[in-house]
Amino acid sequence: MNKILAIANQKGGVGKTTTAVNLAASLSATKRKVLLVDLDPQGNASTAAGIQANEIKNLFNLFFDKTPINECIYKSSDGYDVIPGGQELIALEVAIRENNKQSFLTKELEGLSNTYDYTIIDTPPTLNQLTIEALFAASGTLIPLQCEYYSLEGVTGLMETIKTLSDKNLSSNRVLGIVRTMVDMRNNLAKEVSDELEKHFSNLLFNTLIPRNVKLAEAPSHGVSGIKYMPNSYGAKAYLALAGELIRKVEYV
Ligand SMILES: Nc1ncnc2c1ncn2[C@@H]1O[C@H](COP(=O)(O)OP(=O)(O)O)[C@@H](O)[C@H]1O
Ligand SMILES: [Mg+2]
């Protein structure tokens, strides 16, 4: 059974793409079959997966040209599969809304339910139709969060949206957990915010902390995940641990 997970937070620069790519790589390292869907017009996850931007087909072609989904799937340099993102997704976002094609992605991914163990969807830093498509399609959402003041702003809105969708039986999505990213425990503020999160969201927090680690930031320019770039780095080890925690959460229930 394909477990579809959205990585979402309306804030930019919180580690969504880094989490999506490194989780995909970590799950793939455990021999699970993984598909990464890049729903961000910026296409950062695709670049980090080693996909060349030219001559790619993506969900835009699937929607407008009826390109079969299998022709939109590429192999990442880490070995997992990728449906790339790119600027065309801006037009796709408008088209889904204007043509009332909500849940378009859900239907497309249903056809792949026997092909993958996990589908990880990276989303743009807004709560637009592309993000909503991911929230509809997913059975769980991970919310990367930086431990700073105001970091929770928007997250409660995202959580309410997910709850509303499921209350109205529009999706079976639930928040799987908040992932604390770019953590630097020498920073007192980060520690304070992290402690506050533990107080208020204890059941919704992943225990694994993702440290600030330059190897994770360098890896995308080499078109690979941090896991492949520097497997012994703190960042890579943290994402492998997060994948382990995730597996226990979604597979051992
Ligand atoms: N744990 C980390 N340590 C160091 N740099 C990181 C880490 N996570 C993300 N970054 C860097 O921070 C920036 C924003 O991260 P990114 O994953 O692109 O966020 P988002 O997708 O939410 O916009 C990127 O330059 C990325 O390489
Ligand atoms: Mg991103």
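Right above here is the structure, for reference.
Anyway, here's the lowdown on the structure attached to this text. Please read these numbers as outputs of a predicted model, since none were measured by experiment.

Quick notes on the rules
Residues numbered from 1 in each chain as written. Chains lettered and ligands numbered in written order. Predicted model: local features only at pLDDT ≥ 70, side-chain atom pairs only at ≥ 80, totals over all residues. Heavy atoms only, no water. Phe/Tyr/Trp six-rings, centres within 6.5 Å; stacked < 30°, edge-to-face > 60°. Helix = DSSP H or I, 4+ residues; strand = E, 2+ residues; numbered from the N terminus. Buried < 20%, exposed > 50% of the residue type's maximum accessible area, 1.4 Å probe, protein only. Lys NZ or Arg CZ within 6 Å of the ring centre and 35° of its normal. Near = heavy atom within 4 Å. Polar contact = N/O pair within 3.5 Å; in protein donor to acceptor, adjacent residues only side chain to side chain. Areas by Shrake-Rupley, 256 points an atom, 1.4 Å probe, with all protein chains shown as cover. Pairing = 2+ DSSP bridges. Contact = heavy atoms within 4.5 Å. Axes fitted to C-alpha atoms, helices over the stretch in contact; angles between N-to-C directions.

1. Topic: the packing of aromatic side chains
Any two aromatic rings considered together are summarised by their centre-to-centre distance and by the angle between their planes. Considering all chains together, one arrives at three aromatic pairs under this definition. With a centroid separation of 5.1 Å and an interplanar angle of 65°, the aromatic rings of Phe63 and Phe64 are classed as edge-to-face. Arranged with centres 5.1 Å apart and planes meeting at 80°, the rings of Phe63 and Phe104 form a pair that is edge-to-face. Residue Phe63 is located in helix 3 (residues 59-65), and its partner Phe104 is located in helix 5 (residues 104-110); the two are separated by 41 residues in the primary sequence. With relative accessibility at 10%, the residue Phe104 sits in the buried group. Within the aromatic cluster, the residues linked to one another by ring pairs are Phe60, Phe63, Phe64 and Phe104. For the cation-ring pair, Lys3 lies above Tyr118, with the distance from its terminal atom to the ring centre recorded as 5.2 Å. Above the plane of the ring of Phe206 lies Lys249, whose end atom (NZ or CZ) is 4.3 Å from the centre.

2. Notes on the site of ligand 1
With respect to spatial proximity, 14 residues lie near ligand 1, and among them Gly13, Thr17, Thr18, Pro211 and Asn213 are the closest. The backbone of Val14 places a nitrogen or oxygen atom 3.1 Å from an oxygen atom of ligand 1. Thr17 places a side-chain nitrogen or oxygen 2.9 Å from an oxygen atom of ligand 1. For ligand 1, whose unbound accessible area comes to 550 Å², protein coverage reaches 78%. Elements with a contribution of two residues or more to the shell around ligand 1: helix 1 (16-29) and helix 9 (214-218). For the shell around ligand 1, the element with the most residues is helix 1, which contributes three residues.

3. Some remarks on the pairing of strand 7 (residues 174-181)
Among the eight residues in strand 7, seven count as buried, and that is most of the element. Here strand 6 (residues 140-146) runs beside strand 7; their pairing, made up of seven bridges, is parallel. Bridge pairing in strand 7 places Gln146 opposite Thr181.

4. Examining the sheet that holds strand 2 (residues 34-38)
The strand order across the open sheet formed by seven strands is 3-4-2-5-1-6-7, and the pairing between neighbours is mixed. Among the strands making up the open sheet, the edge pair consists of strand 3 (74-75) and strand 7. One ladder, built from two bridges, connects strand 3 with strand 4 (residues 81-83); its direction is antiparallel. The residue bridging Tyr74 from the neighbouring strand is Val82, located in strand 4. Packed onto the sheet, helix 6 (residues 129-137) meets strand 1 (3-7), strand 5 (118-122) and strand 6 and runs at close to 145° relative to strand 1.

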